[in-house]
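Take a look at the letters that make up each chain.
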Amino acid sequence: MFLSVFDMFKIGIGPSSSHTMGPMTAAVRFLELLRGVGRHASAGGSPARLRVTLHGSLAFTGKGHATDRAVALGLIGYTPAGIVPGEADQRLVDLATEKKVHPDGLPVLSFDPQKDIVFDFGPSLPGHSNGLVFEAFDEAGRSCLREVFYSIGGGFVVTEAELNNPEAAGSDANAVSRPYPFDSAAAMLAMAQESGKSIADMKRENELRTMSSEELQRGLAGIWSTMNGCIERGLVQQGELPGGLHVKRRARAIREQLEQERGTNRAQPHVTSDWLSVYAMAVNEENAAGGKVVTAPTNGAAGVVPAVIRYYLDHCFGADPVRVDEFLLTSAAIGGIIKHNASISGAEAGCQGEVGSAAAMAAAGLCAVLGGTPAQIENAAEIALEHHLGMTCDPAAGLVQVPCIERNGIGAIKAVAAASLALRGDGSHFMPLDNCIEAMRQTGEEMNTKFKETSLGGLAVNLPEC
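So, here is what we can say about the structure in this document. (Residues numbered from 1 in each chain as written. Predicted model: local features only at pLDDT ≥ 70, side-chain atom pairs only at ≥ 80, totals over all residues. Heavy atoms only, no water.)

Focus on the nonpolar core
Filter applied, for reference: The definition of a nonpolar core used throughout is a set of buried Ala, Val, Leu, Ile, Met, Phe, Trp, Tyr and Cys residues joined through side-chain atoms within 4.5 Å. Under the scheme applied here, a residue whose accessible area is under 20% of the maximum for its type counts as buried, over 50% as exposed, and between as partly exposed, the area being computed with a 1.4 Å probe on protein chains only. Put simply, DSSP marks the helices as runs of H or I at least four residues long and the strands as runs of E at least two long, and each gets a number from the N terminus on. Residues are treated as being in contact if the distance between any of their heavy atoms lies within 4.5 Å.
Judged by nonpolar contacts, the single largest core of 93 residues is most densely connected at Phe9, Met227, Val305, Val308, Leu328, Ile334 and Leu366. Element by element, the count of residues in this core is highest for helix α19 (residues 355–369), at 12 residues. When sequence neighbours within four positions are dropped, the list of residues in contact with leucine 328 reads Val5, Phe9, Leu220, Ile223, Trp224, Met227 and Ile309. Judged by nonpolar contacts, the second largest core, of 37 residues, contains Leu50, Ala59, Leu73 and Val101.

Focus on the packing of helix α17 (residues 324–341) against α19
Quick note on the threshold: Axes here refer to lines fitted to C-alpha atoms; in helices the fit is confined to the stretch in contact. Angles between the N-to-C directions go from 0 to 180 degrees. By the definition used in this description, the sense in which the near helix is turned from the far one sets the handedness, with an anticlockwise turn below a right angle giving left-handed and a clockwise turn giving right-handed. Nonpolar residues are Ala, Val, Leu, Ile, Met, Phe, Trp, Tyr, Cys and Pro. Charged residues are Asp, Glu, Lys and Arg, and all others, Gly as well, are polar.
At a minimum axis separation of 8 Å, α17 and α19 run at an interaxial angle of 145°. Like other packed secondary-structure pairs, α17 and α19 cross with a definite hand, here right-handed. In this structure, α17 uses Glu326, Phe327, Thr330, Ser331, Ile334, Gly335 and Ile338 to contact α19, whose residues at the interface are Ser357, Ala360, Met361, Ala362, Ala364, Gly365, Leu366, Ala368 and Val369. Here the residues of the contact of α17 with α19 sort into 10 nonpolar, 5 polar and 1 charged.

What about the pairing of strand β2 (residues 49–56)?
Spelled out, the test is: Whether two strands pair comes down to DSSP finding at least two bridges between them.
Burial within β2 is extensive, with 6 of its 8 residues counted as buried. As paired elements, β2 and strand β6 (residues 130–137) share 8 bridges and run antiparallel to each other. Paired with glycine 56 across the two strands is asparagine 130, which belongs to β6. Judged from the 3 bridges that link them, β2 and strand β5 (residues 117–119) form a sheet pairing that is parallel. Looking at β5, one finds that threonine 53 is bridged to valine 118.

Looking at the side chain of histidine 19
For clarity, the threshold we go by: Whenever two N or O atoms come within 3.5 Å, that pair is a polar contact, provided that in protein one can donate a hydrogen and the other can accept it, and provided that, for residues adjacent in sequence, both atoms are side-chain atoms.
Summarising the element assignment, histidine 19 is placed in helix α2 (residues 17–35). Judged by its relative accessible area of 0%, histidine 19 falls in the buried class. Side chain to side chain, histidine 19 and serine 18 meet in a polar contact 2.7 Å long. A polar side-chain atom of histidine 19 sits 2.9 Å from a polar atom in the side chain of serine 57. For histidine 19, the contacting residues outside a window of four places in its chain are Ser57, Leu58, Thr61, His65, Ala66, Thr67, Asn130 and Glu453.

Observations regarding the pattern of salt bridges
Our working rule: A carboxyl oxygen of Asp or Glu within 4 Å of a side-chain nitrogen of Lys or Arg is what we treat as a salt bridge.
Overall, the coordinates contain 18 salt bridges when judged by the stated rule. Residue arginine 262 is joined to glutamate 259 by a salt bridge in which the shortest nitrogen-to-oxygen separation is 3.0 Å. Exposure remark for arginine 262: the relative accessible area of 48% places this residue in the partly exposed category. Judged by relative accessible area, which is 36%, glutamate 259 ranks as partly exposed.

Overview of the packing of aromatic side chains
The geometry of an aromatic ring pair is captured by two quantities: the separation of the ring centres and the angle between the planes. What counts here: In summary, the pairing rule links any two rings of Phe, Tyr or Trp, Trp by its six-membered ring, whose centres are within 6.5 Å, and it sorts them by plane angle into stacked for under 30 degrees, edge-to-face for over 60 and tilted for everything else. Sitting over a ring, as applied to charges here, requires NZ of Lys or CZ of Arg to be within 6 Å of the ring centre and within 35 degrees of the ring normal.
The tally for this structure, following the rule as stated, stands at 5 aromatic pairs. An aromatic cluster is built from Phe30, Phe134 and Phe149, whose rings are joined through pairwise contacts. When the ring centre of phenylalanine 156 is taken as reference, the NZ or CZ atom of lysine 339 above it lies at 4.4 Å.

Some thoughts on empty space enclosed by the protein
Put simply, the rule reads: Both cavities and pockets are sets of points on a 1 Å grid over the protein atoms alone; in a cavity a 1.4 Å probe fits but cannot get out, in a pocket the set is open with protein on both sides within 12 Å along at least five of seven lines, and lining residues sit with an atom within 4 Å of a point. Grid points are joined across faces, edges and corners, and a volume is the space filled by probe spheres set on the points.
Inspection of the entire model under this criterion finds 2 cavities of 30 Å³ or more. Reported here for the largest cavity is a volume of approximately 160 Å³. When its residues are assigned to classes, the lining of the largest cavity shows 9 nonpolar, 11 polar and 4 charged. Taken together, 13 residues make up the lining of the second largest cavity; nearest its centre are Met1, Phe2, Leu3, Phe182 and Lys203. Listing elements by their share of the lining of the second largest cavity, those giving two or more residues are α12 (199–207) and α17. Broken down by element, the lining of the second largest cavity gets its largest block of residues, 4 residues, from α17. The residue inventory of the lining of the second largest cavity, partitioned by class, reads 9 nonpolar, 2 polar and 2 charged.

In structure tokens form, the structure reads like this:
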């Protein structure tokens, strides 16, 4: 099992990694398959028309998560990391008028987003609750190519065949020999004990098998720069978020209040918690507005890790910006274990899989840069995850706003508390992280579908009546 730090932290756009970034990536991949239609297709002619059907959570909350917009942008040719906002908006306007896409290496294809993106509110596809079916037809209406994709959280996308054979799907990454191939927290701790290396150092050496030190450093710097830029943009924007709930941005006003209290005797001792919350909320307000964010490990939980890094840099004694790389590598190691053994998808595990995983990753990263041992880091991650178990994913109107924005702030606070508690101990504790991850997996499996990003239960159906 190997998941790169750049698998866990991917630059993209809001509002959702599974419902926006994943479907866009699936559309790009379908076009790649279609370019090889001679190898993949049945006895149809040249492709002339496209249709996309959304199933499960993608159908129920796709409008709120801009899934239809993401699919259209992917078929136009955009990747999540390559979006140019103003340009993309104009391309969508052109598509609505022309009702055709012009992918490189393919004929002009008829595609009317209003008719050819179908929201199927029936049963989910068998593989995952986030399913999409892409189809291409020739002029006579015969099928040229049909492919099922699943958006499995954090921007990860697999075909039906890859879902059924995960080892083959990850064969390229797994074919490379890694010096520290841990796939569980227990294995990670054993390797750290035997090697005398930190979790970040082991993760770094794993990464360097497929990239240079300069590439890794440049990539990590880009991740933090994007995260911090998202915080900064969120702290100065104001107005209502899109979607119709009339939710107002609050990060700017809160930050201004906190700035005014600096150096006065009006600040309460828990003011640092407010800073943590406002950093996280700034990111998630940007995400809700469709801005540029980093999955950490998902868009819905994108504010937790950046908020805790910013907290470390701005508020912790002895903070060193050089150690941000160590924070990210440690966080990614924990996130990879959680994804491998459970899920980071809200549609699969509820919000325990999103904000819970993010809090565990952030707690581990903070513990590491504050001098924690591998055992203390594992303990910090376990504490943070344990106290998110059972959390549902129930966004109002399918928008990543209520309760998602505040939930990231509280997740960041829990992460800092977990790291602090772990650092007060020697790393020994009752509940291993692996067991907590398994408890999360079982809880997600047993959780009713209406509480897993379908917006059919919980807060999503208990809205104000006025």
